[in-house]
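Structural overview for review
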Amino acid sequence: MGLSELAFNFLTTVWGRLQILWSEPARQLTHWGWEHQAYYLLFPEISLLVGVAVILLVDVFLGRKAFNIIIWIAIVALFSNFLMTLHLMYMTSRFFSYGLGLWWGQLETIDPYALFFKQLMDWGDILLLLVLFRYPLIKRFRSEFIILILSATIAFDLMVGSSDLLAIYVMTEFGSIMLYLLAAFHKDKLKSLEGGLKYFITGAASSAAMLFGISYIYGIVGSTNIYEIKIRMMSIYPDHPLVLFAMVLIIVGVGYKIGVAPFHLWAPDAYEGAPTPATAFISVFPKMAGFAVLMRIYLVAFAPVAQVWLPLFVIMAILTMFVGNIMALTQTSFKRLMAYSGIAQMGYVLIGVICAGLAGPNEAATSNGFWAAMYYLLIYMFMNLGAFIIGMMNEVSGGSDHLDTFNGFHQRSPFLSFFMTICLLALTGIPPTAGFIAKFVIFVSAVDYITRYPAMFLLVLMAIINTVIAVYYYVGIIKRIYLLKPLRTELARPFTPIFFQRVAVLVPALASLVLGIFYIDAPMNYVKGAWFMTYYTTIA
């Protein structure tokens, strides 16, 4: 027997042992999950909760010097969450009925739609945490910062699967409390306290409006479960005079959370005052969770009365795009500019939701508009988070929140400048980036309804005009990076981020580029697999 054959047999044996080590725990978990489904389906959130508990213990016994260990614990908890969602996806695809349905007193729905948003938040959190390995601008209460991020993620995970209006309200409030604390994290800085206070006041007002709307819905249909509401709206209450009033109140509540106009006034101050990592978190994750809830409420519970809320959504979409883009033109703060940019971006997502509503109560979840909205949120997470991460690197390398500190940024770091350019071009919607594909899919979904609903032509026209407006301020940052001279000589000194920070920059920036060139269909196939339940199913 030759040496090569011995080596081959040895490697085959080792690989077989590794497969056993991996497959046996997975098999045992699968068996246990079948026997205890109600507990098994909570494993993604339990992994994050365990992570929070371990971080608290490490912080107590090891102190502030263990911050890198704490980051790794958080990353492991998030990765465990992601692996559990993968296992759930495998089980629900292999065994069609496994885990699908309403759980825990009809409060939560387990479906691929909820798992899709959970996975997005896991990816984004991990990328954000990688930057914190060497981010000296958060010196105090760093462990608490990680705990707040994980706790908010737990709330958002439960929020995206909520199938009861009261469960949605409770999870939204729990997540919002974490966000208020993150916005006011720099308690010794007036801007941070001001932003956190404005966020809290507007959030409290929106929560009151949302709860008021829920009480009206309960009075009208006698239930807060979204599937029961859909059934009763179809059969009994389609023309009830208070339905519109209740839906407007719920739109106010959810609209504040996702920052659409005219419920956006808290966003610029909260973004500017919060630490940049907190701003990055607030700019992405509440919006994804908020839109997940918005689509579940209006494309399930209120789908039979879409003719009532669709005109409101059209007005909000147009107003959101114009307010966001026009206000962004005059900003001198990077975070305020990105706040208004994020507002405008949510207007495009609303177009997808409108198209899904036009598809009808039974086709909304399989319509091009529904897929386009989810596709846009997927790409938005990468391109927006990438821009914020590079903004954090600008601060670490001597810059600040002021746009002038991006002047001559390419002299400081050609690496970061190149990938910042990709993210900004993607946010603009310029080919060949994934941002262009995302906007294109939104426009195509809207064009499909122009012949039946002429008002959609106006909506598409307004969206195109706003895309042109956005070019000015996004390209303005690129101009600063490459064409203007640094304000100070120290801002021209070379800067090289550490390995983990480079990874955190590479992943979203390359995703924003590569998904627009080579793997265009991959995100859409992923989105189409994330269907959500629109019918009443077996209650566990």
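Each value, and the rule that gives it
- Residues numbered from 1 in each chain as written.
- Predicted model: local features only at pLDDT ≥ 70, side-chain atom pairs only at ≥ 80, totals over all residues.
- Heavy atoms only, no water.
- Helix = DSSP H or I, 4+ residues; strand = E, 2+ residues; numbered from the N terminus.
- Buried < 20%, exposed > 50% of the residue type's maximum accessible area, 1.4 Å probe, protein only.
- Contact = heavy atoms within 4.5 Å.
- Areas by Shrake-Rupley, 256 points an atom, 1.4 Å probe, with all protein chains shown as cover.
- Salt bridge = Lys/Arg side-chain N within 4 Å of Asp/Glu carboxyl O.
- Core = buried A, V, L, I, M, F, W, Y, C linked by side-chain atoms within 4.5 Å.
- pLDDT = per-residue confidence, 0-100.
- Phe/Tyr/Trp six-rings, centres within 6.5 Å; stacked < 30°, edge-to-face > 60°.
- Lys NZ or Arg CZ within 6 Å of the ring centre and 35° of its normal.
- Axes fitted to C-alpha atoms, helices over the stretch in contact; angles between N-to-C directions.
- Left-handed = near helix turned anticlockwise from the far one by under 90°.
- Polar contact = N/O pair within 3.5 Å; in protein donor to acceptor, adjacent residues only side chain to side chain.
- Expected span 1.5 Å × (residues − 1).
- Nonpolar A, V, L, I, M, F, W, Y, C, P; charged D, E, K, R; others polar.
- Patch = residues over 30% accessible without salt bridge, like charges linked within 9 Å, V, L, I, M, F, W, Y side chains within 5 Å.

**Thoughts on the overall build of the protein chain**
Counting its regular elements, the protein chain contains 21 helices and two strands. Expressed as a percentage of its 540 residues, the buried residues of the protein chain come to 60%. Of all intrachain contacts in the protein chain linking residues separated by at least 6 positions in sequence, the fraction that spans at least 24 positions is 81%. As presented, the protein chain carries roughly 21300 Å² of accessible surface, and 71% of it is formed by carbon and sulfur atoms.

**So, the pattern of salt bridges**
Side chains that differ in charge, positive against negative, can pair when their charged atoms come close. Evaluation of the coordinates by the stated rule reveals ten salt bridges. Close ionic contact of Glu-173 with Lys-257 constitutes a salt bridge, the shortest N to O distance being 3.6 Å. A residue pair is termed long-range when its members are at least 10 positions apart, and Glu-173 in helix H7 (residues 165-183) and Lys-257 in helix H10 (residues 241-258) qualify at 84 residues. In this pair, the class of Glu-173 matches that of Lys-257, namely buried. Among the ionic contacts, a cluster of salt bridges with common partners joins Lys-191, Glu-194, Lys-198, Asp-269, Glu-272 and Arg-336.

**Focus on the nonpolar core**
Formed by 187 residues in total, the largest nonpolar core has its most connected members in Phe-117, Met-295, Tyr-298, Phe-302 and Phe-313. In terms of residue count, the dominant contributor to this core is helix H15 (residues 368-396) (21 residues). Look past the residues within four positions of Met-295 in its chain and what remains in contact with it is Tyr-113, Phe-117, Val-300, Val-353, Phe-370, Ala-373, Met-374, Leu-377 and Phe-532. The next biggest cluster of nonpolar side chains, apart from the first, holds six residues, and it includes Tyr-40, Met-84, Ile-110 and Leu-115.

**Structural notes on the confidence of the model for the protein chain**
With 88% of its residues at a pLDDT of at least 70, the protein chain reaches an overall mean of 84. Residue range residues 94-99 is modelled with pLDDT below 50. Its contacts to residues more than four positions away, or to other chains, number eleven contacts.

**Here we look at the environment of Phe-382**
Relative to the helices and strands, Phe-382 resides in helix H15. On the accessibility criterion, Phe-382 (10% relative accessible area) is buried.

**Some points on the packing of aromatic side chains**
In total, this model carries 36 aromatic pairs according to the counting rule given. Relative to Phe-133, the ring of Trp-72 lies with its centre 5.3 Å away and its plane at 50°, an arrangement referred to as tilted. Residue Trp-72 is located in helix H4 (residues 67-94), and its partner Phe-133 is located in the loop between helix H5 (112-131) and helix H6 (142-160); the two are separated by 61 residues in the primary sequence. Residue Trp-72 is classed as partly exposed on the basis of its relative accessible area of 40%. Stacked on the ring of Tyr-348, the Lys or Arg Lys-439 has its end atom at 4.6 Å from the ring centre.

**Overview of the packing of H10 against helix H13 (residues 306-328)**
Put simply, H10 and H13 touch, their axes get as near as 10 Å, and they point 35° apart. Helix-helix and strand crossings are classified by hand; for H10 and H13 the assignment is right-handed. Contacts between H10 and H13 involve Leu-244, Met-247, Val-248 and Ile-251 from the former and Val-308, Trp-309, Leu-312, Phe-313 and Met-316 from the latter.

**Side note on helix H9 (residues 226-235)**
For H9, every residue scored as buried is listed here: Ile-226, Tyr-227, Glu-228, Ile-229, Lys-230 and Met-233. The N-capping residue of H9, defined by a side-chain oxygen 3.0 Å from the backbone nitrogen of Tyr-227, is Asn-225.

**Concerning H6**
The first and last C-alpha atoms of H6 sit 27 Å apart over 19 residues, in line with the 27 Å expected at 1.5 Å per residue. Along H6, 17 of the 19 residues are buried, which leaves the element largely enclosed by surrounding structure.

**Considerations on unusual backbone geometry**
The residue after Ala-261, namely Pro-262, is reached through a cis peptide bond having omega 5°. Within the secondary structure layout, Pro-262 lies in the loop between H10 and helix H11 (267-273). That bond from Pro-431 to Pro-432 is cis: its omega, 10°, falls within 30 degrees of zero. Mapped onto the fold, Pro-432 is located in the loop between helix H17 (414-428) and helix H18 (434-447).

**Section: the packing of H15 against helix H20 (residues 499-514)**
Here H15 crosses H20 at 145°, and the two axes come no closer than 8 Å. Two packed elements cross with a definite hand, and for H15 against H20 that hand is left-handed. Note on element contacts: H20 touches H15 through Gln-501, Ala-504, Val-505, Pro-508, Ala-511 and Ser-512, opposite Phe-382, Met-383, Gly-386, Ile-389, Ile-390 and Met-393. Split into classes, the residues belonging to the contact of H15 with H20 amount to nine nonpolar, three polar and no charged.

**Overview of the side chain of Ser-341**
For Ser-341, the location among the structural elements is in helix H14 (residues 334-358). On the basis of relative accessible area, Ser-341 is assigned to the buried category, the value being 0%.

**Some thoughts on the environment of Leu-179**
Relative to the assigned elements, Leu-179 resides in helix H7. Considering only alpha carbons, one finds Leu-179 and Leu-148, 31 residues apart in sequence, at a separation of 7.9 Å. With residues up to four places along the chain from it excluded, the contact list for Leu-179 reads Phe-156, Tyr-199, Phe-281, Ile-282 and Pro-286.

**Section: a nonpolar patch on the surface**
The grouping of Leu-57, Val-60, Phe-61, Leu-62 and Ile-69 at the surface amounts to a nonpolar patch, some 550 Å² of accessible area in total. Considering each element in turn, the nonpolar patch owes the most residues, four residues, to helix H3 (residues 43-62). By the secondary structure assignment, Val-60 is in helix H3. By relative accessible area, which is 63% here, Val-60 ends up exposed.

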